[in-house]
Amino acid sequence: MADQLAIGSRRGLRPALPLLLPAYLWLTVAIFLPLSAMVFFSFMTDLPLAGKEWAFTLGNYAAFFSQGLYSTLLLASLRLGLEVTLWCVVIGYPAAYVLAKVLKGRSREAIFLLVILPFWSNGLVRIFSWAMVLREGGILDTALNAVLPFKINIDLMYSYPAVIIGLVHSYVPYMVLTCYLTLQAIDDSLIEAGRSLGASRLQVLKRVIIPLSMPGLIAGAALIFVPVVGSFMEPRILGGRTGTFYGTVIEDQFVAVFNWPLGAALSFILLAVVLIILALAAPVLRRAG
Amino acid sequence: MAGVTVANVSRSFGAHQALDDVSIDFPDGGFYALLGPSGSGKTTLLRQIAGFDFPDTGRIAIGGESVERVPVEKRRIGMVFQNYALFPNMSVADNVAFGLSVRGEPKAMIATEVRRALDLVQLGKLGGRRPHQLSGGQRQRVALARAIVTKPRVLLLDEPLGALDKALRVDMQIELKRIQREIGITTIFVTHDQEEALTMSDRIGILRDGRLVQEGPPEEIYDRPQSEFAATFLGDANIFRGDATGSGIKLPDGTTIAASTGASVPAGAKASCAVRPERIQISTGAAKPDVGNANMLTGQVSKRIFAGNNSTYFVDREGQTLKVIVQNTGAERLAEGQPVVLSWSPESTVLIAA
Ligand SMILES: Nc1ncnc2c1ncn2[C@@H]1O[C@H](COP(=O)(O)OP(=O)(O)OP(=O)(O)O)[C@@H](O)[C@H]1O
Ligand SMILES: [Mg+2]
């Protein structure tokens, strides 16, 4: 078996090189080069534009540690990432389960389409439509007051819950998709075997299905947590004054203050923190599975 | 332990009737094979007994207790799946322990029972392995150990040996039979391998298009099939069709065939006769057939297939090809194209109502 594999990969890699080349070229041009430029910027005092003076410095990184604001915002963003990820699990996993194990044929396709739809709509349109729903006198407020006998005021606009709702809506498809793929791969006979051995549906879920879908949950969580921690659009539009997070501060450096070096340094600190968290969390989650 | 009763069970999927008024008594402690062609409803019947699916009408009882609306997990059955269905996220020992552990049995008791079950299937040393580290035969044994460790009332197996190669399959047949005897559990076994059904079971039920065609001990079905389908599905048979004479049938060409087993068919009605290939004596005509071989036909050898301990002759006669199996005793072999005389006794001839 091992021999076969070795032969297979030896024979397999060389002819594959021409096929892999475009992908590597693309990665180099599209990701590696801009990213290296950003690393470079993050160690500069100013942008080397229009003959401005610049020098190398560690000051941009030092700023993160000297000003408590940045680490406070980073913590808030991490908490936001955690909460959004949890909500995505709570909403996305059952949806994926129903899609993979309960629905068949036509109805599965229809629901799938509904789940994927946010992917295909423009991010700004999505966020502004939430704004219409959530604000006072908006769709949610009007609808609830039309049904309920007493008067209530719903104004979720510019609040932390609004940010959560917007982000969960944007990112829950990732969780549904990754969980759907792993759940789909679980043979129905495993569920039947569990029940024939006297396990209730809940016990089968806990002992067989959830452990076997752990890879999907982990992949989904990673796909959601990382961009949410750095997110700026949803917090800015739906959060208003309460929507200042680590991501919005980075955005400010790039588009408002024009302090690219500080923005770049803050981004790389975020990247490092997120990578460390993922590295620490992966084995724990895998053992839970 | 308990017997199983299936009474007048029907089940349809849309317009398709997968089970049509099936009634079978599965005796307590017996080994029962459900046999039938693909799509005949074997799996559907087994799933009704297991409780994965419920019948539209009819009654199912395990140990005298009606269970047709009881869900699987409360039926106390053991099931072995064709694809083994071992939990890939658990070790072999944890797989076997699953049924006891969801019941909340004490840890020490689970450990002893798991060890005993693994010893029973001769896998005592492999408890720590993962299912993907086992061979097909070993997985099958784990699946069996897992199904019986909870001391179920009935053991249900859906083509459990279908994925194994021939040699391993014979080993597992013997093994399965030994374990079944040892614990004396009522066993219902689905297969479409007729040889497996014949060698392993105390009783066989033959299904076709959702109906029970015939059931009984293997010898009885083999020796006295009640339909052409049963005769040709379980073993090989030469079928002659004609009009009943009261003591046999008369073929369209006027030849009569005497039959002394099987149904009694009023003279004049359509009927057929079944004769097993190994019951027919074949000779060149020079030698006299055995006394008592009242049935005699002539024909011409069209093909001979040599299979070591026996040979199969295909003999053409009046547009029909008859099959004769002869033990290899060292006597002269007949050449293809040779005219031959076939003879057999009325006792070897089963009369079947059309
Ligand atoms: N869930 C279902 N929905 C629709 N039709 C079904 C379903 N289950 C079984 N059938 C149909 O019922 C018939 C009997 O199926 P069943 O699986 O019992 O056959 P089987 O005897 O086990 O065949 P095989 O030897 O191929 O396993 C088939 O025609 C099948 O298509
Ligand atoms: Mg089947």
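Structure: above.
Residues numbered from 1 in each chain as written. Chains lettered and ligands numbered in written order. Predicted model: local features only at pLDDT ≥ 70, side-chain atom pairs only at ≥ 80, totals over all residues. Heavy atoms only, no water.

(A) Inspection of the nonpolar core at higher detail. By size, the foremost hydrophobic cluster in this structure holds 70 residues, and its most contacted members are Val84 of chain A together with Phe26, Leu45, Leu156 and Ile188 of chain B. At 11 residues, helix 7 (residues 160-184) of chain A tops the list of elements feeding residues into this core. The residues touching Leu156 of chain B, leaving out its near neighbours within four places in the chain, are Leu46, Ile49, Ala50, Ile77, Gly78, Met79, Val80 and Ile188 of chain B. Formed by 34 residues, the second largest nonpolar core is a distinct cluster that contains Val80, Leu118, Ala147 and Met172 of chain B. (Core = buried A, V, L, I, M, F, W, Y, C linked by side-chain atoms within 4.5 Å. Buried < 20%, exposed > 50% of the residue type's maximum accessible area, 1.4 Å probe, protein only. Helix = DSSP H or I, 4+ residues; strand = E, 2+ residues; numbered from the N terminus. Contact = heavy atoms within 4.5 Å.)

(B) Broad picture of unusual backbone geometry. Residues and elements named next belong to chain B. The residue Ala85 is not glycine, and still its phi comes out positive at about 50°. Looking at the element boundaries, Ala85 is found in the loop between strand 6 (77-80) and helix 2 (92-102). With a relative accessible area of 4%, Ala85 lands in the buried category.

(C) Up close: the environment of Val142 of chain B. Residue and element names in this part refer to chain B. Mapped onto the elements of the fold, Val142 is located in helix 4 (residues 136-148). Between the C-alpha atom of Val142 and that of Val190, which follows or precedes it by 48 residues, the distance is 19 Å. Ignoring sequence-local partners within four residues, the contact set of Val142 consists of Leu86, Val92, Asn95, Val96, Leu123 and Leu134.

(D) View of the site of ligand 1. Residue and element names in this part refer to chain B. Residues in close proximity to ligand 1 total 13 residues, the closest being Ser38, Gly39, Lys42, Thr43 and Thr44. Between ligand 1 and the protein, one listed contact pairs an oxygen atom with a backbone N or O atom of Gly41 at 3.0 Å. Between ligand 1 and Glu159, the relevant distance is 3.5 Å, taken from an oxygen atom to a side-chain nitrogen or oxygen of the residue. Protein burial of ligand 1: of its 630 Å² of free accessible surface, 59% is covered by the chains. Elements represented by at least two residues in the shell around ligand 1 include exactly strand 2 (16-26) and helix 1 (42-50). Sort the elements by how many residues they give to the shell around ligand 1 and helix 1 lands first, with 3 residues. Within the shell around ligand 1, the residues separate by chemical class into 3 nonpolar, 8 polar and 2 charged. (Near = heavy atom within 4 Å. Polar contact = N/O pair within 3.5 Å; in protein donor to acceptor, adjacent residues only side chain to side chain. Areas by Shrake-Rupley, 256 points an atom, 1.4 Å probe, with all protein chains shown as cover. Nonpolar A, V, L, I, M, F, W, Y, C, P; charged D, E, K, R; others polar.)

(E) Spotlight on the sheet that holds strand 4 (residues 57-62) of chain B. Residues and elements named next belong to chain B. What the 4 strands build is an open sheet, ordered 2-1-4-5; its pairing is antiparallel. This sheet does not close on itself; its edge strands, each paired only once, are strand 2 and strand 5 (65-66). Pairing between strand 1 (residues 4-13) and strand 2: 7 bridges, direction antiparallel. Bridging from a neighbouring strand, Arg11 pairs with Leu19 of strand 2. Running over the sheet, helix 1 touches strand 1, strand 2 and strand 4 and is turned about 60° from strand 2. (Pairing = 2+ DSSP bridges. Axes fitted to C-alpha atoms, helices over the stretch in contact; angles between N-to-C directions.)

(F) Examining the sheet that holds strand 21 (residues 349-353) of chain B more closely. All names here are of chain B. Pairing within the open sheet is mixed, and its 6 strands lie in the order 13-12-11-15-21-14. Two strands close off the open sheet at either side, each with one partner strand: strand 13 (256-258) and strand 14 (261-262). Two strands pair when backbone bridges link them, and strand 11 (residues 238-244) and strand 12 (residues 248-250) are joined in this way by 2 bridges, in the antiparallel orientation. Note on strand 12: the bridge partner recorded for Asp243 is Lys250.

(G) Geometry of the interface of chain A and chain B. Counting residues at the interface gives 17 residues for chain A, matched by 21 residues for chain B. Of the roughly 1,700 Å² buried between chain A and chain B, counting both surfaces, carbon and sulfur atoms make up 61%. Inspection of the region where chain A meets chain B yields 2 salt bridges. The partner of Glu73 of chain B in a salt bridge is Arg195 of chain A, and the shortest N-O contact between them spans 2.6 Å. Applying the counting criterion to the chain A and chain B interface returns 7 residue pairs in polar contact (both at pLDDT 80 or more). Breaking the side of chain A that touches chain B down by element, the ones donating at least two residues are helix 8 (188-196) and helix 9 (201-229) of chain A. Per-element accounting of the side of chain A that touches chain B gives the leading share, 7 residues, to helix 8 of chain A. Residue classes in the side of chain A that touches chain B are distributed as 7 nonpolar, 6 polar and 4 charged. (Buried area = accessible area lost by both parts, 1.4 Å probe. Salt bridge = Lys/Arg side-chain N within 4 Å of Asp/Glu carboxyl O.)

Any functional reading would require information that these geometric values do not contain.
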